[in-house]
Amino acid sequence: LTLMIFPFEATEVIVSGESNGKIMRLNLQEGDTVLPGSSIGFIDTVQLTLRKQQLLASKEALQSRYQSIPRQVAALQEQIARLEREQERFENLVKADAANQKQLDDLRAERQIAGKQLAAQKESLQNANSSLSGEVASLDLQVAQLEDQIAKSVIVSPITGTVLAKYVEDGE
């Protein structure tokens, strides 16, 4: 798109669109006066808009894969709490010579293993969520790029002046 605008200072300015594509609307004719910042037309953004919607749908799908760490580890935490109660009970039984030390040692070992499983599961879930966050951030950047391209599809007059020549029409 090229427009020649003759501002009042007697210099010629050529206005070009910042985006490539089909001109959907160009709201001016030769001889029209334009103001700075006024929208004088726009370039087709259908493909950009569709790509943006696709990225937003992908983002939504990724966000649905976030893991709720408390919900995922609740069963292991309950198992650890049960083992701690059992361990306390067996400690009292060993003190009273009603149970042997091996049973208590086995409970302690089982409790330690469950604790390590809990830590590993939390770390795994946090890593998965962190990875998803990175992917979502990447999609956010791509959406921002598309929004910038869509914004640049609006043809704006940079100055006040009169249109001297119009080298394109709607649909070109």
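In case you missed it, the structure is sitting above this.
Residues numbered from 1 in each chain as written. Predicted model: local features only at pLDDT ≥ 70, side-chain atom pairs only at ≥ 80, totals over all residues. Heavy atoms only, no water.

1. Describing the sheet that holds strand S6 (residues 154-156)
- One open sheet accounts for 3 strands, arranged S3-S5-S6; its pairing is antiparallel. If you trace the sheet from one side to the other, it starts and ends with strand S3 (23-26) and S6, each paired once. Within the sheet, the average angular offset between the axes of one strand and its neighbour, ignoring direction, is 20°.
- Bridge count for S3 against strand S5 (residues 39-43) is 3 bridges, and the pairing is antiparallel. Counterpart to Ile23 in the pairing with S5 is Ile43. (Pairing = 2+ DSSP bridges. Helix = DSSP H or I, 4+ residues; strand = E, 2+ residues; numbered from the N terminus. Axes fitted to C-alpha atoms, helices over the stretch in contact; angles between N-to-C directions.)

2. What about unusual backbone geometry?
- Positive phi, normally seen in glycine, also occurs at Asp97, with a value near 55°.
- Among the structural elements, Asp97 can be located in the loop between helix H2 (69-95) and helix H3 (101-151).

3. Notes on the pattern of salt bridges
- Under the counting rule described, the total for this entry stands at 9 salt bridges.
- Glu78 is the salt-bridge partner of Arg85, the closest N and O atoms lying 3.8 Å from each other.
- A salt bridge links Lys152 to Asp148, with the shortest nitrogen-to-oxygen separation between them at 3.2 Å.
- Residue classification places Lys152 among the partly exposed positions, given a relative accessible area of 32%.
- Taken together, the shared-partner salt bridges connect Glu91, Asp105 and Arg108 into one network. (Salt bridge = Lys/Arg side-chain N within 4 Å of Asp/Glu carboxyl O. Buried < 20%, exposed > 50% of the residue type's maximum accessible area, 1.4 Å probe, protein only.)

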